[in-house]
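# Report on the structure
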Amino acid sequence: MKKLFSFLAIIAIIFASNCSRIPENNDPVIGIWSRVEVEATNAAKLTVRHEWIFNDAYLGRFHRIENGSIKIKSDFKWSLNSDDTYTISYPGLDRADDIVSFKNSDEKLLLERVDGFMLASRE
């Protein structure tokens, strides 16, 4: 009887491990995207880098880096829409969703918002 239960337990483990695989995601947005802004004030110059790291589980990490130190570090969700645009939502941040699409520029691939603003370029 112990052999039967052991055999059934092994079969259950194999079945459960095969069902929990995440399908492979080869979306072209996966990777690191960034935008650098330089803000000049009367007293100093502020360099702001925005960075999005997209992963294959439809999640990512957003950073806002000011003069070399991280000011905002947050997770985001992303999804591919039926019209070949992407929606990036930032739960936990007081930031509106970004709806972006690809745009080719001179030697660079860009993410452009639907209002025409260049969000980021691929690194």
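Residues numbered from 1 in each chain as written. Predicted model: local features only at pLDDT ≥ 70, side-chain atom pairs only at ≥ 80, totals over all residues. Heavy atoms only, no water.

## Concerning the pairing of strand 4 (residues 69–80)
The condition is simple: By this definition, two strands are paired if DSSP reports at least two bridges between them. Strands here mean DSSP runs of E at least two residues long; helices mean DSSP runs of H or I at least four residues long; both are numbered from the N terminus.
Sheet topology note: the strand 3 (residues 59–66)/strand 4 ladder contains eight bridges and is antiparallel. Bridge assignment links His63 to a residue of strand 4, and that residue is Lys73. Where strand 4 meets strand 5 (residues 86–89), four bridges bridge the pair, whose relative direction is antiparallel. Bridging across to strand 5, Ser79 finds its partner in Thr87. The hairpin formed by strand 4 and strand 5 contains five residues between the paired strands, and Asp84 there has a positive phi angle of roughly 60 degrees.

## Details of the nonpolar core
Note the threshold: What is meant by a nonpolar core is a set of buried Ala, Val, Leu, Ile, Met, Phe, Trp, Tyr and Cys residues, joined one to another through side-chain atoms within 4.5 Å. Remark: exposure states derive from per-residue accessible area (1.4 Å probe, protein chains only) relative to the maximum for the residue type, with buried under 20%, exposed over 50%, and partly exposed in between. Contacts between residues were defined by any pair of non-hydrogen atoms, one from each residue, lying within 4.5 Å.
Val29, Trp33, Trp52, Phe54, Phe76, Ile88 and Leu111 are the most contacted members of the largest nonpolar core, which has 14 residues in total. Every element with two or more residues in this core is listed here: strand 2 (45–54), strand 4, strand 5 and strand 8 (118–122). Setting aside residues up to four positions removed in sequence, Trp52 forms contacts with Gly31, Ile32, Trp33, Ser34, Arg35, Arg61, Phe62, Phe76, Tyr90, Arg95, Leu119 and Ala120.

## Here's the deal with the side chain of Asp27
For clarity, the cut-off: Only four residue types enter the charge count, namely Lys and Arg as positive and Asp and Glu as negative; His and the chain termini do not. In the sections that follow, a salt bridge refers to a side-chain nitrogen of Lys or Arg positioned within 4 Å of a carboxyl oxygen of Asp or Glu. For this analysis, a polar contact is any N or O atom pair within 3.5 Å, provided that within protein one partner can donate a hydrogen and the other can accept it, and provided that sequence-adjacent residues contribute only side-chain to side-chain pairs.
You can see Asp27 is positioned in the loop between helix 1 (2–19) and strand 1 (31–40). At 7.1 Å, Arg122 is the nearest oppositely charged side chain to Asp27, a buried residue that forms no salt bridge. Among the polar contacts listed, one links the side chain of Asp27 to the side chain of Tyr86, at a separation of 2.6 Å. When residues no more than four places from it in sequence are discounted, the contact partners of Asp27 are Trp78, Leu80 and Tyr86.

## Some words on a nonpolar patch on the surface
What counts, and what does not: To count toward a patch, a residue needs a relative accessible area above 30% and no salt bridge. Like charges then connect within 9 Å, nonpolar side chains (Val, Leu, Ile, Met, Phe, Trp, Tyr) within 5 Å. Note on areas: Shrake-Rupley with a 1.4 Å probe; residue coverage comes only from the protein chains shown.
A cluster of nonpolar side chains, namely Met1, Leu4, Phe5, Phe7, Leu8 and Ile11, defines an oily patch on the protein surface of about 660 Å² accessible area. Within the secondary structure layout, Met1 lies in the segment before helix 1.

## Regarding unusual backbone geometry
A negative phi angle characterises most non-glycine residues, just as the trans form characterises most peptide bonds. We note that Tyr58 has phi near 60 degrees; this positive angle belongs to a residue other than glycine. As for its position among the elements, Tyr58 is in the loop between strand 2 and strand 3. Judged by its relative accessible area of 43%, Tyr58 is partly exposed. The phi angle at Glu107 is positive, at roughly 65 degrees, despite the residue not being glycine.

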